[in-house]
Amino acid sequence: MAKKQKTLSPRGRTLRSQLWFDNPDNPGMTALYLERYLNYGLTGAELRSGKPIVGIAQTGSDLSPCNRHHLELAKRVRDGIRDAGGIAFEFPCHPIQETGKRPTAALDRNLAYLCLVEVLYGYPLDGVVLMTGCDKTTPACLMAAATVNIPAIVLSGGPMLNGWWKGMRAGSGTVVWKAREELAAGRIDNQEFMDIAAASAPSVGHCNTMGTASTMNALAEALGMSLPGCAAIPAPYRERAQIAYETGVRAVEIVHEDLRPSDILTRKAFENTIIANSAIGGSTNAPVHINAIARHVGVKLAIEDWETIGYDVPLLVNMQPAGEYLGEEYFRAGGLPAVMSELLKARRLHADAMTINGKTMGENVKRAKIADPNVIKTYAKPMKKQAGFKVLKGNLFDSAIMKTSVISEDFRERFLSNPKDKNAFEGRAVVFEGPEDYHLRIDDPSLKIDARTLLFMRGVGAIGYPGSAEVVNMQPPARLIKQGITSLPCIGDGRQSGTSGSPSVLNASPEAAAGGGLALLRTGDRVRIDLNKGSADILISKAELAKRRKILEKSGGYDFPANQTPWQEIQRGIVDQLADGMVLKPAVKYQRVAQTSEPRDNH
């Protein structure tokens, strides 16, 4: 009797899911896998038809309000998958909500990544739709897809509608930092502070500013992993549900084409992404996440690349926090395709980089137009001529980044305009050991904080916090804010919200908890930051620096809070620094795992 042959897919390919549901070499296991997937109404004929089984990685939940509307959008994704001849399997992802998770949502990015890797590798999936939105959901999903390397496509959830307060645009996050100043100055009370914050979040969706959420979803599109135009569509708009359907259709097609993340996530794609980030005024969190994705797919990308490739790219998007407008205007002005078209015409992009719709980036954006020049500027007449990140090095750290697109005229005048020392500043350091210490002591007159003081925060990196928190955007003491001084230079080994307009020096690596130079800094030291040289140094002798390090090592190193959960201990033990993506060090050696091995049977 002839052995039964596997059923081929409609395009004549054997699919990965057939290892579970249509394996004539192992009928016992095939029966075991099949029987339980039939108990809610699927038929054996469907699962053995050769139709692609496409996962829907669901990041929406009541714990993740920025992504909650994905619970509805998934229905349109299912429609698209079914109409294209596939079968949809929806499953939950570990929740990550930037504004909800304590001590920081960044602690959970790697945990969500690990969970999704196991799902994509160990279950009968031929491809996956990655439903992204809130900050860390996008990199977590892309990191996992890069590791497993089955066909994957990103569907972002889109920004909220514009927020408004007393006739002015109230951008999510950005308006909170401004209201915090107003509260400190005594111009508003606690209730109005709460009302302003609430006004900035008027609908479903993620931040309506160019914070980390809008940045990372735009960069997923710039990488080529989303359909063109996907990132900017506001969450409540009908176009969001329409592109959800189109994404479902395309998810089935990329399975048939065997178009994998490794085909798209090339060095050219990452260079395009760095350039796009500068042009949109993207978040300082972008290097952490993009570098992590690159490491998981095996593309060499260094923190220095963000300056060498992107520093001289002009700012084209007039959107908070670097500009005036919010997500709805940005979408109507043309979104990322219009920005990329300007960059393409200026010959700043790799036009031949492949994207998820099977076309090159150049083909996708060459006909895109700016619909509102107030919101998206031309390359010839930008908002700022240089808008990328400056990478700083010195005895304080091996690297840190400064976002130049948010350097205000006031900040530039006070700190960067000395005719004898342009683009550099020196000042007395005041050091805080984490946000609790900052909030406790920022108004302490004994610290003698003045308009030339440099504020430092340490102990807030990947190990020290743990997870690295968005706490470095420190405001001055209330008495300075009342005098009209609303910003001081802030430097730290943690991160800052992408919605903040503070021109801080961030992501210092190595952090204090890993023995970085910040651990040796003392309040009262003078520090010099030189943007011309890209340097950041404590102005003390090498002998004094060595003496301090010896004292630190003798005391057991920089002290940080004890672990509170098992995951905190696990991550702290194997996590890399922010400059290198804050990845789990042992994880980066696992690449293209769906091609290198088959998961073993479970019975």
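Everything below is about the structure shown above.
Note that the structure is predicted; figures quoted are calculated from it, not measured.

Engineer: Quick rundown of the overall build of the protein? Include the residues and the values.
Structural biologist: A count of helices and strands for the protein gives 23 helices and 14 strands. In terms of overall size, the protein behaves like a compact globule, its C-alpha atoms giving a radius of gyration of 25 Å where 603 residues would be expected to give roughly 25 Å. Expressed along its principal axes, the backbone C-alpha trace of the protein runs to roughly 90 × 60 × 45 Å. Going through the 603 residues of the protein one by one, you find that 60% of them count as buried. For the protein, the share of sequence-separated contacts (at least 6 apart) that also reach a separation of at least 24 residues comes to 75%. When the accessible surface of the protein is totalled, it reaches about 23,600 Å², and 53% of it is carbon and sulfur. Of the side chains in the protein, 73 bear a positive and 64 a negative charge, and the two mean positions are spaced by 3 Å.

Engineer: Quick one: what's the story with the nonpolar core, residue by residue and with numbers?
Structural biologist: If you look at soluble globular proteins, the nonpolar side chains tend to sit buried side by side. Judged by nonpolar contacts, the single largest core of 116 residues is most densely connected at Leu 130, Phe 270, Tyr 330 and Val 339. Apart from residues no more than four positions distant in its own chain, Tyr 330 is found in contact with Met 210, Ala 232, Ile 280, Val 317, Met 319, Gly 335, Leu 336, Val 339, Val 375 and Ile 376. Ranked by size, the runner-up nonpolar core spans 57 residues in total, among them Phe 432, Val 472, Ala 513 and Ala 519.

Engineer: Could you give an account of the packing of aromatic side chains, naming the residues involved and the relevant values?
Structural biologist: Taken as a whole, this structure holds eight aromatic pairs when the rule is applied. Plain terms: the ring middles of Tyr 37 and Phe 89 are 5.6 Å apart, the flat faces sit at 20 degrees to each other, and that makes the pair stacked. Taken together, the residues span a long stretch of sequence, with Tyr 37 in helix H2 (residues 27–37) and Phe 89 in strand S2 (residues 87–92) at a distance of 52 residues. Given the relative accessible area of 23%, Tyr 37 is considered partly exposed. Their ring planes at 90 degrees and their centres at 6.3 Å tell us that Phe 411 and Phe 425 sit as a pair that is edge-to-face. Placement of Phe 411 in helix H18 (residues 409–415) and of Phe 425 in strand S9 (residues 424–432) is noted, with a sequence separation of 14 residues between them. Across this residue pair, the class does not change: Phe 411 and Phe 425 are buried.

Engineer: Give a description of the side chain of Asn 285 that names residues and reports values.
Structural biologist: Relative to the helices and strands, Asn 285 is located in the loop between helix H12 (267–280) and helix H13 (286–297). Apart from residues lying up to four places away in sequence, Asn 285 is in contact with Thr 212, Glu 470, Arg 495, Gln 496, Ser 497 and Gly 498.

Engineer: Break down the environment of Asp 576 for me, citing the residues and quoting the values.
Structural biologist: Looking at the secondary structure, you find Asp 576 in the loop between helix H22 (566–574) and helix H23 (593–596). Linking Asp 576 and Ala 170, residues 406 residues apart in sequence, is a C-alpha distance of 36 Å. Once residues within four sequence positions are removed from consideration, Asp 576 is found in contact with Arg 295, Ala 462, Met 582, Val 583 and Lys 585.

Engineer: Tell me about the sheet that holds strand S4 (residues 152–156), and please be specific about residues and values.
Structural biologist: Spatial ordering of the open sheet is given by S2-S1-S3-S4, a layout of four strands whose pairing is parallel. At either end of the open sheet lies a strand with only one pairing partner, and these are S2 and S4. On average, adjacent strands in this sheet sit at an angle of 25 degrees to one another, irrespective of strand direction. Sheet topology note: the strand S3 (residues 127–132)/S4 ladder contains five bridges and is parallel. Within S4, the position partnered with Val 128 by the bridge is Ala 152. Along the sheet, helix H6 (residues 137–148) contacts S3 and S4; its crossing angle with S3, the most-contacted strand, is approximately 165 degrees.

Engineer: Outline the side chain of Thr 132, supporting the account with residue identities and numerical values.
Structural biologist: Examined against the element boundaries, Thr 132 turns out to sit in strand S3. Setting aside residues up to four positions removed in sequence, Thr 132 forms contacts with Thr 59, Asn 67, His 70, Thr 137, Thr 138, Cys 141, Val 154, Leu 155, Ser 156, Gly 157 and Asn 217.

Engineer: Talk me through the pattern of salt bridges; I want residue IDs and the actual numbers.
Structural biologist: For side chains of opposite charge, pairing can occur when their charged atoms come near one another. Overall, the coordinates contain 37 salt bridges when judged by the stated rule. A salt bridge links Glu 307 to Lys 390; the shortest N-O distance between them is 3.0 Å. Of this pair, Glu 307 sits in helix H14 (residues 305–310) while Lys 390 sits in strand S7 (residues 389–392), and the two are 83 residues apart along the sequence. Linking Arg 548 and Asp 525 is a salt bridge whose minimum nitrogen-to-oxygen distance equals 2.6 Å.

Engineer: Tell me what's going on with the state of the cysteines, and back it up with residues and numbers.
Structural biologist: Covalently bonding the sulfur atom of one cysteine to the sulfur atom of another cysteine gives a disulfide. For the structure on display, the rule yields zero disulfides. Its sulfur unpaired, Cys 66 is 4.4 Å from the next cysteine sulfur, which belongs to Cys 134. With a relative accessible area of 14%, Cys 66 lands in the buried category. Owing to a relative accessible area of 2%, Cys 134 belongs among the buried residues under this scheme.

Engineer: Outline the pairing of S9, supporting the account with residue identities and numerical values.
Structural biologist: Counting buried residues along S9, seven of its nine residues qualify, which places the element largely inside the surrounding structure. Where S9 and strand S13 (residues 526–530) come together, five bridges link them in antiparallel fashion. Directly across from Arg 428, in S13, lies its bridge partner Arg 526.

Engineer: Just give me the short version of the packing of H6 against helix H9 (residues 212–223), but keep the residues and values in it.
Structural biologist: The contact between H6 and H9 brings their axes to 9 Å, and the two run at 30 degrees. Regarding the angle of H6 to H9, the classification is roughly parallel. Remark: the crossing between H6 and H9 carries left-handed chirality. Judged by residue contacts, Thr 138, Pro 139 and Leu 142 of H6 engage Met 216, Asn 217, Ala 220 and Leu 223 from H9. When its residues are assigned to classes, the contact of H6 with H9 shows five nonpolar, two polar and no charged.

Engineer: Break down helix H8 (residues 190–199) for me, citing the residues and quoting the values.
Structural biologist: Of all the positions in H8, only Glu 192, Phe 193, Ile 196 and Ala 199 are classed as buried. Projection of H8 onto a plane perpendicular to its axis shows the buried side chains occupying an angular sector of 130 degrees, all on one side. Of the exposed residues in H8, those oriented more than 90 degrees away from the buried face are Asn 190, Met 194 and Ala 198. Contacts from the buried residues of H8 go to strand S5 (164–165) and helix H7 (174–184).

Engineer: Could you give me a rundown of the pairing of strand S12 (residues 505–509), with the residues and numbers involved?
Structural biologist: On a regular strand, each side chain points to the face opposite its neighbour's, so the side chains alternate between the two faces of the sheet. Most of S12 sits inside the fold, with five of its five residues counted as buried. Bridging between strand S8 (residues 399–403) and S12 involves three bridges; their strand directions are antiparallel. Note that in S12 the partner of Ser 399 across the bridge is Ser 509.

Engineer: Quick rundown of the packing of H9 against helix H16 (residues 335–345)? Include the residues and the values.
Structural biologist: Relative orientation of the contacting elements H9 and H16 amounts to 55 degrees, with a least axis distance of 10 Å. Here H16 runs oblique to H9, going by the angle between their axes. By crossing handedness, the relation of H9 to H16 is classed as right-handed. Across from Ala 218, Glu 221 and Ala 222 in H9, the residues of H16 making contact are Leu 336, Pro 337 and Met 340.

The rules behind these values
Residues numbered from 1 in each chain as written. Predicted model: local features only at pLDDT ≥ 70, side-chain atom pairs only at ≥ 80, totals over all residues. Heavy atoms only, no water. Helix = DSSP H or I, 4+ residues; strand = E, 2+ residues; numbered from the N terminus. Rg over C-alpha atoms; globule rule 2.2 N^0.38 Å. Buried < 20%, exposed > 50% of the residue type's maximum accessible area, 1.4 Å probe, protein only. Contact = heavy atoms within 4.5 Å. Areas by Shrake-Rupley, 256 points an atom, 1.4 Å probe, with all protein chains shown as cover. Lys, Arg positive; Asp, Glu negative; His and termini not counted. Charge placed at Lys NZ, Arg CZ, Asp CG, Glu CD. Core = buried A, V, L, I, M, F, W, Y, C linked by side-chain atoms within 4.5 Å. Phe/Tyr/Trp six-rings, centres within 6.5 Å; stacked < 30°, edge-to-face > 60°. Pairing = 2+ DSSP bridges. Axes fitted to C-alpha atoms, helices over the stretch in contact; angles between N-to-C directions. Salt bridge = Lys/Arg side-chain N within 4 Å of Asp/Glu carboxyl O. Disulfide = S-S within 2.5 Å. Parallel < 35°, antiparallel > 145°, perpendicular 65-115°, else oblique. Left-handed = near helix turned anticlockwise from the far one by under 90°. Nonpolar A, V, L, I, M, F, W, Y, C, P; charged D, E, K, R; others polar. Arc of directions from axis to C-beta.

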